[in-house]
Amino acid sequence: MTGTSEGRHSFRDIDPVQSLRTPSFEFAEIGRQADLAEHDRRLDELARRANTAPVADRLLDLSPVAASALQEMSLVIGDDGEDLLEDGRANAHAGEYATALELLTEYLRGRPEHQEARYLRAFCMYRLDGQDQVEALRILLPLRDEPMDDGLREQVLELRRELRRRVTPLEVGAYARTARSDPEGALERAEAFLELVPEEGSLSCLVALGQAKAGDLERALDTATRGAADAEVDKEQVAALARKLLLPYLRPAAARAVAAFKAHDPRLARAELSRMDPRWRHSAVIEDFDAYLALCVTGWNHTSPPAPRLPDDRADDLYSLIAEADGQQAAALMQAGLVDVAEQVLSLVLPLVPGFRWLNFLYAACLLRLGRDPERAAACAEIAVRDATIAQAGELLEAIRGWQEAAVINPVVEEYLAAMKSVSGGVSPDRLARLRTRLTVLERGLPAVRAAARSESGRQVVQELEKAIGRRLAEIADAVVVAELYERYDAIMAPVQGGVTGTAAADRLARSLDDLAARIKDKRRAAGKGAGQEPFEKLTELVTARQAELDRVRTGLRVSDLVKRFNELVEPPRTPDPYTARTKLAGIREEARGLRRSHKKTLDPRETALLDELITTITKVLGR
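Residues numbered from 1 in each chain as written. Predicted model: local features only at pLDDT ≥ 70, side-chain atom pairs only at ≥ 80, totals over all residues. Heavy atoms only, no water.

(A) Region of the structure containing the overall build of the protein. A tally of regular secondary structure across the protein gives 26 helices and 0 strands. Sorting the 624 residues of the protein into buried and exposed places 45% on the buried side. Within the protein, contacts between residues at least 6 apart in sequence are counted, and of these 68% link residues at least 24 apart. As presented, the protein carries roughly 32200 Å² of accessible surface, and 50% of it is formed by carbon and sulfur atoms. (Helix = DSSP H or I, 4+ residues; strand = E, 2+ residues; numbered from the N terminus. Buried < 20%, exposed > 50% of the residue type's maximum accessible area, 1.4 Å probe, protein only. Contact = heavy atoms within 4.5 Å. Areas by Shrake-Rupley, 256 points an atom, 1.4 Å probe, with all protein chains shown as cover.)

Below, the structure is given as structure tokens:
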């Protein structure tokens, strides 16, 4: 008989678990191109405004400048031309703007400096709502600075505001449509229009950025500086840009002071600032630097200086003054593939300017490339993402968060896969016990892994891992039971490896197999339905096969026993008295007939023929 078990248990691939893929990150441009990016960003923003802003939803009323001057009008032209002005006023108040415009134009030929006539002429152009609205702005521009009656001044300024509100979006829209196809022509038109509306801070920013993008930094600085002085709207924006554009000129002038600061000597740094050229010394950034150095004199600890007490944009300008050159050096090293060296440069200077968003961006990118310190990299990227001009900051933060997830999740996935690989060649009770221990440890750590999952893909991997570990542990519980049953099977079959030598041994083996089959049935019922049934089914098939094989062996042994008993009765030296012999022969014949009937399927042809021959022989002996 076949006695040992084979292939006791194997774990099927259910819900395979895969490691979390880390998002990739590649620089679109390592060098800092803030001015260029800011130009395009502001252009898109202003273009959106231009497309949505109303341009004809408000009309000004013409208030009389001097009501006493409105007398009975005549079109007769006097020597001094005052009749033209009187008629122009009257027609303008009556809403006859085209007629009033002709009269006022004629009047101004002789009195080109007359303030009220210039205002009225511009007002008529505004109300006629034609192409002359830009000309109206040109007419009103010099009136801003001329001394005049307060009432007229207020009307001039109000009309300029309304004309700017109408015309500026149209000009910005025209710039947006042509800036990419004809940047030089678009910029020239925008520069010319800015001369008419210096109050528009956003337009000053756009023009200055366009000039910087074209490489004319001096003109850009002049535009931004004048814009900061003249702007009535978005004044802070253009002032911030002026500070940024001034920085390239300030850095070499402040180099000695910056070096002293980096040497942790704020007193010496202040002394160096006091010796700067006066034209730079009183700029906003240098004054902020001086105030910050005064704070550092008393507030610097052993690890890092205090945070500057400045708004974010001014603090960024201060940081740029101190560490922009270091950032450019690190960016060049990264471009050359020397990320390790770039990280060393940044790690030295970043503690001095911990809030510098661009340096935080570069340092986070270095750590990501080097695969070091994901928590620090994430903290730096979160600082960098606050700067809208760093276009890739959000993408970098997403990649780092994916890296953080993978750093926690993937080792657990790898340990799970290694644990399952350890039983790929088959299992035993000892292997199952070790596997259960490893998976139980993993299961206990799943809450921390679940907390680390921030992305949808990360959460999905953790869910797959949880499901797989739970099912494996349940399968192991069944496998342990199956393994014990296999051990019992092996113990039962071990004594008969050389074959079953007698009926008594066969009967004992049959009882043991019947008992094992009953145990398997009970355990299968307890395990319930599902994938865990397969090992029980395999073992049941194995035991059933042994029982069928044993049944055939037992039948053959019984046939042999009947033949042996018959031979012992008919041998002459052992022949009992006739009555006893006939009784025993009749009993052997009945057993042979019963065996022939009940074991018809398990008898092989030789055994069947032997039984038939035995029955026939005994019948002849008995005579019936």
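(B) Spotlight on the nonpolar core. Counting residues in each nonpolar core, the largest one holds 74 residues, and the members touching the most others are Phe261, Phe289, Leu321, Leu359 and Ile400. A total of 10 residues in this core trace back to one element, the largest contributor, which is helix 17 (residues 357-370). What Leu359 contacts, discounting residues up to four positions off in sequence, is Ala323, Gly327, Leu346, Val349, Leu350 and Val353. Judged by nonpolar contacts, the second largest core, of 44 residues, contains Leu101, Leu103, Tyr119 and Phe123. (Core = buried A, V, L, I, M, F, W, Y, C linked by side-chain atoms within 4.5 Å.)

(C) Summary view of unusual backbone geometry. Here the phi dihedral of Asp234 falls at roughly 55 degrees; this positive angle occurs in a residue that is not glycine. Here Asp234 is to be found in the loop between helix 9 (217-230) and helix 10 (235-253). Backbone geometry at Asp373 places phi at a positive 45 degrees, although glycine is not the residue there. Note that Asp373 resides in the loop between helix 17 and helix 18 (374-384).

(D) Representation of the environment of Tyr97 within the structure. Counting through the fold element by element, Tyr97 comes out in helix 3 (residues 97-110). Tyr97 sits in the buried class, given a relative accessible area of 15%. Distance from Tyr97 to Leu128, taken between C-alpha atoms, is 6.8 Å for residues 31 residues apart in sequence. Among all residues touching Tyr97, those that are not within four sequence positions of it are Asn91, Ala92, Phe123, Cys124, Arg127 and Leu128.

(E) Representation of the environment of Phe356 within the structure. Mapping Phe356 onto the fold places it in the loop between helix 16 (339-349) and helix 17. Judged by relative accessible area, Phe356 falls into the buried class, the value being 0%. Separated by 24 residues in sequence, Phe356 and Cys380 place their C-alpha atoms 9.6 Å apart.

(F) Molecular detail of helix 16. Along helix 16, the residues classified as buried are Val339, Ala342, Glu343, Val345, Leu346 and Val349. Along the axis of helix 16, the buried residues cluster in a sector spanning 160 degrees; they form a single face. Against the buried residues of helix 16 lie helix 11 (255-262), helix 15 (312-335) and helix 17. (Arc of directions from axis to C-beta.)

(G) Local environment of the packing of aromatic side chains. For the coordinates displayed, the defined rule picks out 8 aromatic pairs. Between Phe261 and Phe289, the aromatic rings sit 6.2 Å apart at their centres with planes inclined by 80 degrees, giving edge-to-face as the arrangement. One end of the pair, Phe261, is in helix 11; the other, Phe289, is in helix 14 (residues 284-299), with 28 residues separating them in the sequence. Both residues of the pair, Phe261 and Phe289, belong to the buried class. Taken together, the ring pairs connect Tyr97, Tyr119, Phe123 and Tyr126 into an aromatic cluster. (Phe/Tyr/Trp six-rings, centres within 6.5 Å; stacked < 30°, edge-to-face > 60°.)

(H) Spatial organisation of the confidence of the model for the protein. Residues of the protein with pLDDT of at least 70 account for 87%, and the chain-wide mean is 83. Across residues 66-79, confidence stays below pLDDT 50; counting only partners more than four residues off in sequence or on other chains, it has 14 contacts. (pLDDT = per-residue confidence, 0-100.)

(I) Molecular detail of the packing of helix 23 (residues 503-527) against helix 24 (residues 533-570). The geometry of helix 23 relative to helix 24 is characterised by a closest axis approach of 10 Å and an angle of 160 degrees between their N-to-C directions. When the interaxial angle is binned, helix 23 and helix 24 end up roughly antiparallel. Of the two elements, helix 23 crosses helix 24, and the hand of that crossing is left-handed. Each residue belonging to the contact of helix 23 with helix 24 can be placed in one class, and the counts come to 13 nonpolar, 4 polar and 7 charged. (Axes fitted to C-alpha atoms, helices over the stretch in contact; angles between N-to-C directions. Parallel < 35°, antiparallel > 145°, perpendicular 65-115°, else oblique. Left-handed = near helix turned anticlockwise from the far one by under 90°. Nonpolar A, V, L, I, M, F, W, Y, C, P; charged D, E, K, R; others polar.)

(J) Broad picture of the environment of Gln547. Positionally, Gln547 belongs in helix 24. Gln547 sits 37 residues away from Ala510 along the chain, and the two C-alpha atoms are 6.8 Å apart. Ignoring anything within four residues of it in the chain, the contact list for Gln547 reads Leu513, Asp514 and Ala517.

(K) How the structure looks around the pattern of salt bridges. This model, assessed by the stated rule, comprises 47 salt bridges. Between Glu590 and Arg593 there is a salt bridge, and its shortest N-O distance comes to 3.2 Å. Of the two residues, Glu590 and Arg593 both sit in helix 25 (residues 578-598), 3 residues apart, roughly one turn of that helix. Each of Arg144, Arg160, Arg164, Glu199, Glu200 and Glu232 takes part in one network of salt bridges that share partners. (Salt bridge = Lys/Arg side-chain N within 4 Å of Asp/Glu carboxyl O.)

(L) Looking closely at the packing of helix 12 (residues 266-274) against helix 14. Two elements in contact, helix 12 and helix 14, have axes separated by 9 Å at closest approach and are oriented at 155 degrees. Considered as vectors, helix 12 and helix 14 are oriented roughly antiparallel to each other. As helix 12 packs across helix 14, the resulting crossing turns out to be left-handed. Contact residues: Pro266, Arg267, Ala269, Arg270 and Leu273 in helix 12; Ile286, Phe289, Asp290, Leu293, Ala294, Cys296 and Val297 in helix 14. Across the contact of helix 12 with helix 14, the residue classes break down as 9 nonpolar, no polar and 3 charged.

(M) View of the side chain of Arg89. Position of Arg89 relative to the elements: it lies in helix 2 (residues 82-93). Within the local environment of Arg89, its side chain forms a polar contact with the side chain of Glu116, the two groups lying 2.6 Å apart. (Polar contact = N/O pair within 3.5 Å; in protein donor to acceptor, adjacent residues only side chain to side chain.)

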